[in-house]
Amino acid sequence: AQSVTQLDSHVSVSEGTPVLLRCNYSSSYSPSLFWYVQHPNKGLQLLLKYTSAATLVKGINGFEAEFKKSETSFHLTKPSAHMSDAAEYFCVVSTGGFKTIFGAGTRLFVKA
Amino acid sequence: DSGVTQTPKHLITATGQRVTLRCSPRSGDLSVYWYQQSLDQGLQFLIQYYNGEERAKGNILERFSAQQFPDLHSELNLSSLELGDSALYFCASSSSGTERTDTQYFGPGTRLTVL
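Residues numbered from 1 in each chain as written. Chains lettered and ligands numbered in written order. Predicted model: local features only at pLDDT ≥ 70, side-chain atom pairs only at ≥ 80, totals over all residues. Heavy atoms only, no water.

(A) Spotlight on the pattern of salt bridges. Residues and elements named next belong to chain B. Going through the model one piece at a time under the given rule, you end up with eight salt bridges over all chains. As a salt-bridge pair, Asp 85 and Arg 63 come within 2.8 Å of each other at their nearest N and O atoms. With Asp 85 in the loop between strand E8 (74-78) and strand E9 (87-94) and Arg 63 in the loop between strand E6 (53-57) and strand E7 (64-68), this residue pair connects regions lying 22 residues apart in the sequence. Linked through salt bridges whose partners overlap, the residues forming this network are Arg 63, Glu 82 and Asp 85. (Salt bridge = Lys/Arg side-chain N within 4 Å of Asp/Glu carboxyl O. Helix = DSSP H or I, 4+ residues; strand = E, 2+ residues; numbered from the N terminus.)

Okay, here's the thing in structure tokens:
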């Protein structure tokens, strides 16, 4: 069985400060892990994905995530938040075979 | 632009009615997924089709049905609509849907309002 838990439903940061969005997963098999971003009233857009190559994955807009097998985590980070980063972020785990699970989402607020 | 198209963008209808939402996947993608997103339920997976066949089912109500046609476009049919069906409905597509490395590409969504 597989599952994904986004540890924070809301995160608030000030512009220019680091962003950390936390995601833990559970999987019986080697998973692929994804982060998607959704801006208000828009579709989900892929930020980055891990597929068992390098454990540190770089994505679009300065985001990156590190796969840590020992901690079963795939946290999303960005060194400096921008107002345009305000959105909802989804962590996703997939083991193939029509088994893909979306997390509940974390809403990121960025204060000026 | 993800390459996934959905029509219509907005739909306003009354309770008890039936509507059809349409999705065209990215060129070459064989899998289509449907999701419902509402404020109280969040993003909910409804159903997945792969090359015309149903392959995975999520929290889809019996009043809802979907199909994927030979040209790979998909339709989601919602009937006996209730106020609670008001939501954003997303379609996504992926190249196969069987590989763990597959990326789902999302359309812009259809906003359904039931009055």
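(B) Up close: the layout of surface pockets. Estimated volume of the largest pocket: approximately 770 Å³. B:Gln37, B:Ser38, B:Leu39, B:Asp40 and B:Gly42 are, among the 30 residues lining the largest pocket, the residues nearest its centre. Of all the secondary-structure elements, those providing two or more residues to the lining of the largest pocket are strand E10 (87-96) of chain A together with strand E4 (31-38), strand E5 (42-50) and E9 of chain B. No other element matches the four residues that E5(B) contributes to the lining of the largest pocket. Taken together, the residues of the lining of the largest pocket sort by class into 10 nonpolar, 15 polar and five charged. Here the second largest pocket is characterised by a volume of approximately 430 Å³. Along its surface, the second largest pocket is lined by 21 residues, and A:Lys42, A:Gly43, B:Phe106, B:Gly107 and B:Pro108 are the ones closest to its centre. Looking at the lining of the second largest pocket, the elements with two or more residues in it are strand E5 (32-38) and strand E6 (45-50) of chain A together with strand E10 (105-106) of chain B. In terms of residue class, the lining of the second largest pocket is made up of eight nonpolar, nine polar and four charged. (1 Å grid on protein atoms, 1.4 Å probe; cavity = no way out; pocket = protein on both sides within 12 Å on 5 of 7 lines; lining within 4 Å. Points joined across faces, edges and corners; volume = space filled by probe spheres on them. Nonpolar A, V, L, I, M, F, W, Y, C, P; charged D, E, K, R; others polar.)

(C) Geometry of the environment of B:Arg100. Looking at the element boundaries, B:Arg100 is found in the loop between E9 and E10. The exposure class of B:Arg100 is partly exposed, given its relative accessible area of 21%. What B:Arg100 contacts, discounting residues up to four positions off in sequence, is A:Ser30, A:Pro31, A:Ser32, A:Phe34, A:Thr51, A:Ser52, A:Ser94, A:Thr95 and A:Gly96. (Buried < 20%, exposed > 50% of the residue type's maximum accessible area, 1.4 Å probe, protein only. Contact = heavy atoms within 4.5 Å.)

(D) Layout of the pairing of strand E9 (residues 73-78) of chain A. Residues and elements named next belong to chain A. Relative to E9, strand E3 (residues 19-21) runs antiparallel, the two being bridged by three bridges. By the bridge assignment, Leu 20 is partnered in E9 with Thr 77. Summarising the sheet, strand E8 (residues 64-68) and E9 pair through five bridges and their orientation is antiparallel. Bridged to Lys 68 within E9 is Ser 73. (Pairing = 2+ DSSP bridges.)

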